[in-house]
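Summary of structural features
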Amino acid sequence: MQELHDAPLAPLTTFRLGGPATRLVTATTDAEVIAAVREADDTGTPLLLIGGGSNLVIGDKGFDGTALHIATRGFSLDGTTLELAAGEIWTDAVARTVEAGLAGVECLAGIPGSAGATPIQNVGAYGQEVSATITEVTAYDRRSRETVALSNADCAFSYRHSRFKADPERYVVLRVRFELEDAGGLSAPLRYAETARALGVEAGDRVPLTAARETVLKLRAGKGMVLDSEDHDTWSAGSFFTNPILTDEQFAAFRSRVAESLGDAVEPPAFPAGDGRVKTSAAWLIDKAGFTKGYGTGPARISTKHTLALTNRGEATTEDLLALAREVVAGVHDAFGVTLVNEPVTVGVSL
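Parameters at a glance
- Residues numbered from 1 in each chain as written.
- Predicted model: local features only at pLDDT ≥ 70, side-chain atom pairs only at ≥ 80, totals over all residues.
- Heavy atoms only, no water.
- Core = buried A, V, L, I, M, F, W, Y, C linked by side-chain atoms within 4.5 Å.
- Buried < 20%, exposed > 50% of the residue type's maximum accessible area, 1.4 Å probe, protein only.
- Helix = DSSP H or I, 4+ residues; strand = E, 2+ residues; numbered from the N terminus.
- Contact = heavy atoms within 4.5 Å.
- Phe/Tyr/Trp six-rings, centres within 6.5 Å; stacked < 30°, edge-to-face > 60°.
- Lys NZ or Arg CZ within 6 Å of the ring centre and 35° of its normal.
- Expected span 1.5 Å × (residues − 1).
- Arc of directions from axis to C-beta.
- Pairing = 2+ DSSP bridges.
- Axes fitted to C-alpha atoms, helices over the stretch in contact; angles between N-to-C directions.

**Details of the nonpolar core**
It is characteristic of soluble globular proteins that their nonpolar side chains tend to be buried jointly. One finds Val33, Leu68, Trp90 and Phe178 to be the most contacted residues of the largest nonpolar core, which totals 48 residues. Counting residues per element, this core draws most heavily on strand E12 (residues 171–179), which supplies six residues. Formed by 33 residues, the second largest nonpolar core is a distinct cluster that contains Ala237, Phe241, Val278 and Ala300.

Below, the structure written as structure tokens:
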């Protein structure tokens, strides 16, 4: 187990932002992860878990405590059952499932980060969510001080949410098990209209797995959502805000504000979200509130490729990023009465 002191954390994040940790521990086995967590808990030391760093906004002052970088490895495929160690690089794991001819996560290609983070956020994109294929999560329970197995139902998945996100101080994900599908080399039915259009098929159709993955990678790259150290549009956390989910009453009020601002002919995006709720598009809200692609003049700006991504143009600080985020949140609320919620986890700072 590697240990460093006054260690920079910015290189461990996709934003490349944030100050140092008092102590940085890198664990390569489950036993090392558990030992580091127990040590922190026993000594009352603040603990920050880092996987791929793609969903973290760390303050400029850094983290006063132990940062635990989970770098475990393990890819096990038994028939259609896949088990990944928490530190496995997610996009590489997706590529290997496609090579194995198994469907279920192919449209989640190109998403940065580690496998252990996927159940926490219920990672999803292009019509797929990991909650549809996760069958079990093995985690260390800091409350009971034992390793536990949580079923899909135990994980309490919902849109970009889970039991792990609801109680972030309790569980440390160690391994994730998925049940994939052997569809003879074909993808799962395509659920996302943009993907289907790009492939020239109808929603609900299946296509060759490799075609689905490659198409998603091209779509993501076109939006600056595939990591590239030379492209500052990818120095981000991907989508910075979640798509708002509104009650029918809230959506009606929002729709009225849209009509007042943009005219009666403009209809905001609306997707059923169950239980009398409607999901709308954060990207649409940001754009219509005047924050277009490339917005900003400082070192933190909206991506030139996608309005949902806030980016570090190379010299930004975390405070630069947060100032931009606050400006966007305030502007959208003033224009439409909807409050955007940040998707990345903030450490030592808040909007």
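Structure's up, so let's keep going.
**Here's the deal with helix H2 (residues 90–99)**
For H2, the full list of buried residues reads Trp90, Ala93, Val94, Ala95, Thr97 and Val98. As for H2, its buried residues are in contact with strand E6 (75–78), strand E7 (81–85), helix H3 (118–121), E12 and helix H6 (209–222).

**Focus: the packing of aromatic side chains**
All chains considered together, the criterion is met by ten aromatic pairs. Relative to Phe178, the ring of Trp90 has its centre 5.7 Å away and its plane inclined at 40°; by these criteria the two rings are tilted. Of this pair, Trp90 sits in helix H2 while Phe178 sits in strand E12, and the two are 88 residues apart along the sequence. Plain terms: the ring middles of Phe254 and Phe336 are 6.0 Å apart, the flat faces sit at 90° to each other, and that makes the pair edge-to-face. Note that Phe254 is positioned in helix H7 (residues 248–262) and Phe336 in helix H9 (residues 318–336), a separation of 82 residues in sequence. Look at Phe336 and you get buried, because its relative accessible area is 2%. Within the aromatic cluster, the residues linked to one another by ring pairs are Phe251, Phe254, Trp284 and Phe336. Here the guanidinium or amino end of Arg96 rests over the ring plane of Phe75, the centre of that ring lying 3.8 Å away. Seen from the ring of Tyr159, Lys279 lies directly overhead, with NZ or CZ sitting 4.5 Å from the centre.

**So, H7**
Given a rise of 1.5 Å per residue, 15 residues ought to cover 21 Å, and the 20 Å separating the end C-alpha atoms of H7 matches this to within 8%. Buried within H7 are the following residues: Phe251, Phe254 and Val258. An end-on view of H7 places all buried positions within 60° of arc, on one side of the element. For H7, exposure combined with an orientation more than 90 degrees from the buried face picks out Glu249 and Glu260.

**Focus on the sheet that holds strand E13 (residues 245–247)**
Strand order in the open sheet formed by three strands is E13-E15-E14, with antiparallel pairing between adjacent strands. Pairing within the sheet leaves two strands with one partner each, and these edge strands are E13 and strand E14 (271–272). Two strands pair when backbone bridges link them, and E14 and strand E15 (residues 277–279) are joined in this way by two bridges, in the antiparallel orientation. Bridging across to E15, Phe271 finds its partner in Lys279. Contacts from H7 reach E13 and E15, with the element oriented near 100° to E13.

**Structural notes on the sheet that holds strand E5 (residues 63–70)**
One open sheet accounts for four strands, arranged E1-E2-E5-E3; its pairing is mixed. Both edges of this open sheet fall to strand E1 (2–8) and strand E3 (47–50), since each of them pairs with a single strand only. Taking the axes of each pair of neighbouring strands and ignoring which way they run, one obtains an average angle of 25° across the sheet. In terms of strand pairing, E3 meets E5 through four bridges, oriented parallel. Note that in E5 the partner of Leu49 across the bridge is Leu68.

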